[in-house]
Amino acid sequence: MRIHLTNVFVDDQEKALRFYTEVLGFVKKHDVPLGEDRWLTVVSPEDPHGTELLLEPSGHPAVQPYKTALVRDGIPAASFAVDDVPAEFDRLRRLGVRFTQEPLETGTVTTAVLDDTCGNLIQLVHTT
């Protein structure tokens with residue numbers, strides 16, 4: 001068994017697609033119209049057949065209170081592995097990304113947390 005698909009709830013799918021592709025560097029995998037919304041997924045360019053991230057609309061009534069509570073408490077909605085958190089932090093900061101947690105080393109794990117501009121906090125992580 002393996003993870004095939006996971007999601008983040010986004011306030012605006014088009015804005016999310018731009019952020020996740022143009023800023024974070026993912027590539028679009030699926031973009032299927034579904035009425036007012038889309039089945040919109042992105043993948044890592046390093047693993048185009050790997051786990052897909054669904055940029056899921058936040059329309060369900062339970063989603064906004066959930067997202068608000070996570071952000072208020074500083075809890076990331078997702079965690080993405082990178083090779084070097086400080087280097088990725090510097091690259092993304094130069095692109096104007098807002099971080100809620102700068103790189104933090106805790107033993108063999110380094111993390112940073114960013115605002116995805118679509119209502120979520122996202123954690124970047126690497127282990128040594």
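Above this text is the structure in question.
Parameters and conventions
- Residues numbered from 1 in each chain as written.
- Predicted model: local features only at pLDDT ≥ 70, side-chain atom pairs only at ≥ 80, totals over all residues.
- Heavy atoms only, no water.
- Buried < 20%, exposed > 50% of the residue type's maximum accessible area, 1.4 Å probe, protein only.
- Helix = DSSP H or I, 4+ residues; strand = E, 2+ residues; numbered from the N terminus.
- Pairing = 2+ DSSP bridges.
- Phe/Tyr/Trp six-rings, centres within 6.5 Å; stacked < 30°, edge-to-face > 60°.
- Axes fitted to C-alpha atoms, helices over the stretch in contact; angles between N-to-C directions.
- Salt bridge = Lys/Arg side-chain N within 4 Å of Asp/Glu carboxyl O.
- Polar contact = N/O pair within 3.5 Å; in protein donor to acceptor, adjacent residues only side chain to side chain.

A.B. asks: Where do I start with the pairing of strand β3 (residues 37–43) in this structure?
C.D. replies: Each regular strand shows side chains that alternate between the opposite faces of the sheet. Extensive coverage of β3 is indicated by the burial of five of its seven residues. Counting the residues between successive antiparallel strands, the hairpin from strand β2 (residues 27–34) to β3 contains two residues, one of them, Gly35, with a positive phi of roughly 70 degrees. Two strands pair when backbone bridges link them, and β3 and strand β4 (residues 52–57) are joined in this way by two bridges, in the antiparallel orientation. Pairing of Val42 across the sheet is with Leu53, part of β4.

A.B. asks: For this particular structure, what's the right way to read the packing of aromatic side chains?
C.D. replies: The geometry of an aromatic ring pair is captured by the separation of the ring centres together with the interplanar angle, meaning the angle of the planes. Inspection of every chain in the model, using the stated rule, returns five aromatic pairs. Between Tyr20 and Phe80, the ring centres sit 6.4 Å apart and the planes meet at 80 degrees, which makes this aromatic pair edge-to-face. Of the two residues, Tyr20 is situated in helix α1 (residues 13–23) and Phe80 in strand β5 (residues 78–81); the sequence distance between them amounts to 60 residues. Summarising the burial analysis for this pair, Tyr20 and Phe80 share the class buried. The structure contains a cluster of three or more aromatic residues connected by ring pairs, namely Phe19, Tyr20, Phe26 and Phe80.

A.B. asks: Help me out: how do you make sense of the sheet that holds strand β8 (residues 121–127) in this one?
C.D. replies: Two pairing modes exist for strands in a sheet, parallel and antiparallel, and in both the strands are linked by backbone hydrogen bonds. Across the sheet, four strands lie side by side as β5-β8-β7-β6; this open sheet has mixed pairing. The sheet terminates laterally at β5 and β6 (99–106), the two strands that pair on one side only. Each strand axis lies, on average, 20 degrees off the axis of its neighbour in the sheet, ignoring direction. By the bridge criterion, seven bridges tie strand β7 (residues 109–115) to β8 in an arrangement that is antiparallel. The residue bridging Thr110 from the neighbouring strand is His126, located in β8.

A.B. asks: What is the right way to read the pattern of salt bridges from this model?
C.D. replies: Side chains carrying opposite charge are able to pair once their charged atoms draw close together. One pass over the full model with this rule turns up eight salt bridges. Notably, a salt bridge pairs Lys67 with Asp11, separated by 2.6 Å at the nearest N-O pair. One end of the pair, Lys67, is in helix α2 (residues 63–72); the other, Asp11, is in the loop between β1 (5–10) and α1, with 56 residues separating them in the sequence. Measuring nitrogen to oxygen at the nearest pair gives 2.8 Å for the salt bridge that ties Glu14 to Arg38.

A.B. asks: Even after reading the chapter, I still don't get the environment of Gln64, so can you show me in this structure?
C.D. replies: As for its placement among the helices and strands, Gln64 is situated in helix α2. In the structure, Gln64 is positioned 55 residues away from Phe9 in sequence and 8.9 Å away in space, judged by C-alpha atoms.

A.B. asks: Explain α1 to me, please; I cannot follow it from the model alone.
C.D. replies: An α-helical turn contains 3.6 residues, so a residue and the one three or four places further along point in the same direction. Buried residues of α1: Gln13, Ala16, Leu17, Phe19, Tyr20 and Val23, and no others. Capping the start of α1 is the job of one residue whose side-chain oxygen sits 3.0 Å from the backbone nitrogen of Glu14: Asp12.

Nothing here speaks to function; it is geometry throughout.
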